[in-house]
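# Working through the structure, step by step
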Amino acid sequence: MDSPSKSADAEIDRAEGVAALDRAIAILDAFSTEDRSLSLAEIAARTGLYKSTILRLANSLLRGRLLERLDNGRYRVGPATFRLGALYQRSVVAVDILLPIMRDLSERSWESVAFYVRSGDVRTCLYRVESKHPIRYTIREGDVLPLLLGSGGRVLAAFSGQQGEPYETIRKTCNCLAVGDRDPETGGVSAPVFGPGGVLLGALTLAGPSTRVDAAFLQRIKRPLLEAAARATRAFGEDASMLEQASLAADALP
């Protein structure tokens, strides 16, 4: 049996190992999709770690090729992160990520939730969760709708580079609220979902009859929708800070 002192030492070693791992993860998390590289000072500012701690942990990350040091002394994420990302992408099935999130949003709102993808100049309903109401907005998986009409289509167009309004505003707010846009009897609100590298995967849409799903209802449900889109984006391995910030601002009236 180990002596009390040996057990205490082992516990301290484990705690120190976990702390070092947490700090190493913090260093990697300091990089965003906009950063080609970061200086030691920038990493320290973003993580709150001492430069000496960063240098010590960076050596381990460099050996594991999770980090690279450039000739000018700056750091960038290393090639091993690409391999890990590729492994994650191959292990992820989109339906396993999206449907639980869509069901949660439908349970919360009692309305229909769909996920649309762009197909050229149209959009296709890829997944669908039905409303619990007997009178509902009905669309089937595989149905094709216009791209430039309806909240889902406008979100897809906005984040595919469509110029002008309302697309500039949609890009700023990360959502589109529409009542009677594609169908005079339907209201909906949509937000984008992104994958690795900021690639647009599709639009998450909550919709229903405009007699029930009016502008006031959509305004109230906008934040939960954005939170759901952020949750999906994180699950696909992409930074969701833009969607998270939009969700915090969503309670304000447009």
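Description of the structure in this document. Here the structure is a predicted model, which means the values were calculated and not measured.

Conventions we followed
- Residues numbered from 1 in each chain as written.
- Predicted model: local features only at pLDDT ≥ 70, side-chain atom pairs only at ≥ 80, totals over all residues.
- Heavy atoms only, no water.
- Core = buried A, V, L, I, M, F, W, Y, C linked by side-chain atoms within 4.5 Å.
- Buried < 20%, exposed > 50% of the residue type's maximum accessible area, 1.4 Å probe, protein only.
- Helix = DSSP H or I, 4+ residues; strand = E, 2+ residues; numbered from the N terminus.
- Phe/Tyr/Trp six-rings, centres within 6.5 Å; stacked < 30°, edge-to-face > 60°.
- Contact = heavy atoms within 4.5 Å.
- Salt bridge = Lys/Arg side-chain N within 4 Å of Asp/Glu carboxyl O.

Moving on to the nonpolar core. If you look at the biggest cluster of nonpolar residues, it comprises 47 residues, and the most contacted ones within it are Met-102, Phe-115, Leu-204 and Leu-206. If you tally residues by element for this core, the top one is helix 8 (residues 215–235), at nine residues. Ranked by size, the runner-up nonpolar core spans 15 residues in total, among them Ala-24, Ala-30, Phe-31 and Leu-57.

Geometry of an aromatic ring pair is reported as the spacing of the ring centres plus the angle between the planes. What the rule picks out here adds up to two aromatic pairs. Here the aromatic rings of Phe-159 and Phe-194 are separated by 5.5 Å at their centres, their planes lie at 75°, and the arrangement is edge-to-face. Note that Phe-159 is positioned in the loop between helix 6 (151–158) and helix 7 (167–173) and Phe-194 in strand 7 (residues 186–195), a separation of 35 residues in sequence. Summarising the burial analysis for this pair, Phe-159 and Phe-194 share the class buried.

Time to look at the environment of Gly-64. In this fold, Gly-64 is placed in the loop between helix 3 (51–63) and strand 1 (67–69). Residue classification places Gly-64 among the partly exposed positions, given a relative accessible area of 38%. For the pair Gly-64 and Ala-80, spaced 16 residues apart in sequence, the C-alpha to C-alpha distance is 7.2 Å.

Another aspect to go through is the environment of Ile-221. Along the polypeptide, Ile-221 turns up in helix 8. A relative accessible area of 8% places Ile-221 in the buried class. Between the alpha carbons of Ile-221 and Leu-206 there is a distance of 8.6 Å; along the sequence they are 15 residues apart. Not counting the four nearest positions on each side in its chain, Ile-221 is found in contact with Ser-109, Val-189 and Leu-206.

Tallied over the full model, the rule gives eight salt bridges. A salt bridge links Glu-42 to Arg-74, with the nearest nitrogen and oxygen atoms 3.1 Å apart. One end of the pair, Glu-42, is in helix 2 (residues 40–47); the other, Arg-74, is in the loop between strand 1 and strand 2 (75–77), and 32 residues separate them in sequence. For Glu-42, a relative accessible area of 32% gives the class partly exposed. Between Arg-234 and Glu-244 there is a salt bridge; the shortest N-O distance is 2.6 Å. Here the residue Arg-234 occupies a position in helix 8, and Glu-244 occupies one in helix 9 (residues 241–249), the gap between them amounting to 10 residues. You can call Glu-244 partly exposed: its relative accessible area is 31%. Each of Arg-108, Arg-223 and Glu-227 takes part in a single network of salt bridges with overlapping partners.

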